[in-house]
Amino acid sequence: MKTLIRCTVNGEEHTVLADPRDRLLDLLRGRLGLTGTKEGCGNGNCGTCTVLVDGEPVNACLMLAVEAPGHEIVTIEGLSEGSKLHPIQEALVKHGGTQCGFCTPGIVVSAKALLDRNPRPTEEEIRHAIAGNLCRCTGYDKIVAAIAAAAAEMAEGVEK
Amino acid sequence: MIPFKYECPDSVEGAISLLRQGNARVLAGGTDLIPQMREGRRSAELVIDLKRIPELTTISELTDGGLAIGAAVSATKIASHPRIASAYPAVAASVRLIGSLQVQTRASLGGNICNAAPSADGVPAVICHKARARIAGPEGRREIALEEIFAGPGRTTLGPGEILTAIVLPAPEPCSAAHYLRFTPRREMDIAVAGAGTWIKLDENGAIAEARITLASVGPTPLRAPSAEARLIGEKPIQSLIEEAGRLAAGDARPISDTRGSAEYRRTLVSVLTARALAACCGSLGLEVEAP
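Draft legend 1. Fine view of the overall build of chain B. When you go through chain B residue by residue, the secondary structure sums to eleven helices and 14 strands. What you see for chain B is a C-alpha radius of gyration of 19 Å, in line with the 19 Å of a compact globule of 292 residues. By principal-axis analysis of the C-alpha atoms, chain B measures approximately 60 × 45 × 35 Å. Here chain B holds 292 residues, and the buried ones make up 54% of them.

Written out as structure tokens, the structure reads:
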């Protein structure tokens, strides 16, 4: 039986009908049309469905939609400002840190979670932060370089 | 996945009375339950979310210096809790091995225990710390040694309508240290081929007064290594002793051969991991002991 739930996604409050079987991923893609969050493995291994829940990274395939009320959810769509990309996205473009692009939204969100709590991560910390995000094109070096560059740029922006 | 109802009670009693309604399962982090239900490995007509129950979602300091970790508290919250990080660093480090950071945001220690996978990385360190399991059910509340909750792969000794409410860590003992090590082919996002948790306590002469060794992935449940523990008592921790304890632990293990490793390989891993974890305990206590 479907129930009405209220949830906050990218700063906007939504009231939607959810089946208890719906995952947060289904709610975002199917009901809210936020298709930037991708479905990969569907069992928490690949990380392409990563979103932020109260600032922490979560696999949207491992959380039920009915668990969403009371939490602030941020998806990849919530990171850019209109057509202005987030510095992490800019850096991935500039460093060629995207190949097929399917893992990219999850990588960006995991990188955002990292830089929010650790603005100057080491390479090892960056690699650990994206360990739950699989890139089957295996372009990790450029992704790591892009996140490091974004961190440097964002830290510089703060100092200016 | 068959349709199910979803309830989120705000008390333990509420959860237990819902559990009596038959084909129900409790939901903590959901990182095991949700894929299991979607893949048809588990089914339920009612899913009871425990995360609105304050008792299950808080870490409380006990008057005797110990801690009660609510069964639904996430790995991330456990690892970043200042008292756990300082007084029980092996617990903080081992919950950081469960899945990815994304999984740790959701996954609970209670779930890692009740899913009852012999490979659960969160379990050996808490058993080494003499953890107790607080259980609530239709007949009331009870408390048991945590290791008694495991019945076999995927099975616990919880009775019908019972839930694990908290994991109680006794106050840290002076001159003691714990460490957990696992072996995985990949550095991250992998399941332990074997794991070893160790805890030692030294007496005033620097000899080992007490020892606890808990092995992962080498038996139907997490296993203590009694002959290795017994060998350590009364001895000063030196390299030859911890290596011997490792070999005895390998004998205590009851591994099977599967896709992750052969039984013989697992025994070798137990021997090395146990000795290395013991050496790490020694290191935490200011003693330099070489490990293999």
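That shown, we press on.
Draft legend 2. Spotlight on the interface of chain A and chain B. In this complex, chain A contributes 28 residues to the contact, which on the side of chain B involves 26 residues. Across the chain A to chain B interface the summed buried area is about 2300 Å²; carbon plus sulfur atoms make up 58%. On the chain A side of the interface with chain B, the three residues burying the most area are A:R21, A:L62 and A:E67, jointly 28% of the side's total. Put simply, chain A and chain B have two salt bridges between them. Two residues, A:E67 and B:R106, come together in a salt bridge whose shortest N-O distance is 2.9 Å. Among the elements of the structure, β4 (56-59), α3 (104-117) and α4 (123-129) of chain A are those that each provide at least two residues to the side of chain A that touches chain B. For the side of chain A that touches chain B, the element with the highest residue contribution is β4(A), accounting for four residues.

Draft legend 3. Molecular detail of the pairing of strand β1 (residues 3-9) of chain A. All names here are of chain A. One ladder, built from seven bridges, connects β1 with strand β2 (residues 12-18); its direction is antiparallel. When the sheet's bridge partners are listed, T8 is paired in β2 with E13. Where β1 folds back onto β2 in an antiparallel hairpin, the turn is made up of two residues, including N10, whose phi is positive at roughly 50°. Bridge count between β1 and strand β5 (residues 72-74): two bridges; the pairing is parallel. Residue pairing in the sheet places T8 in a bridge with E72 of β5.

Draft legend 4. How the structure looks around the nonpolar core. Core analysis: the biggest nonpolar cluster contains 89 residues, and A:L24, A:L28, B:I78, B:I84, B:I113 and B:I149 have the highest contact counts within it. Filtering out sequence-adjacent residues up to four positions away, B:I78 remains in contact with B:I59, B:I69, B:V73, B:I84, B:V91, B:V95 and B:L109. Judged by nonpolar contacts, the second largest core, of 28 residues, contains B:L202, B:A211, B:L269 and B:C282.

Draft legend 5. Examining the sheet that holds strand β14 (residues 223-224) of chain B more closely. Residue and element names in this part refer to chain B. One open sheet holds the four strands; their spatial order is β11-β12-β13-β14, and the pairing between them is antiparallel. Since the sheet does not close on itself, it has two edges, and those belong to β11 (176-183) and β14, each with one partner. Bridge count for β11 against strand β12 (residues 194-202) is eight bridges, and the pairing is antiparallel. Note on β12: the bridge partner recorded for Y180 is G197. Contacts from helix α11 (residues 263-284) reach β11, β12 and β13 (208-216), with the element oriented near 35° to β12.

Conventions adopted
Residues numbered from 1 in each chain as written. Chains lettered and ligands numbered in written order. Predicted model: local features only at pLDDT ≥ 70, side-chain atom pairs only at ≥ 80, totals over all residues. Heavy atoms only, no water. Helix = DSSP H or I, 4+ residues; strand = E, 2+ residues; numbered from the N terminus. Rg over C-alpha atoms; globule rule 2.2 N^0.38 Å. Buried < 20%, exposed > 50% of the residue type's maximum accessible area, 1.4 Å probe, protein only. Contact = heavy atoms within 4.5 Å. Buried area = accessible area lost by both parts, 1.4 Å probe. Salt bridge = Lys/Arg side-chain N within 4 Å of Asp/Glu carboxyl O. Pairing = 2+ DSSP bridges. Core = buried A, V, L, I, M, F, W, Y, C linked by side-chain atoms within 4.5 Å. Axes fitted to C-alpha atoms, helices over the stretch in contact; angles between N-to-C directions.

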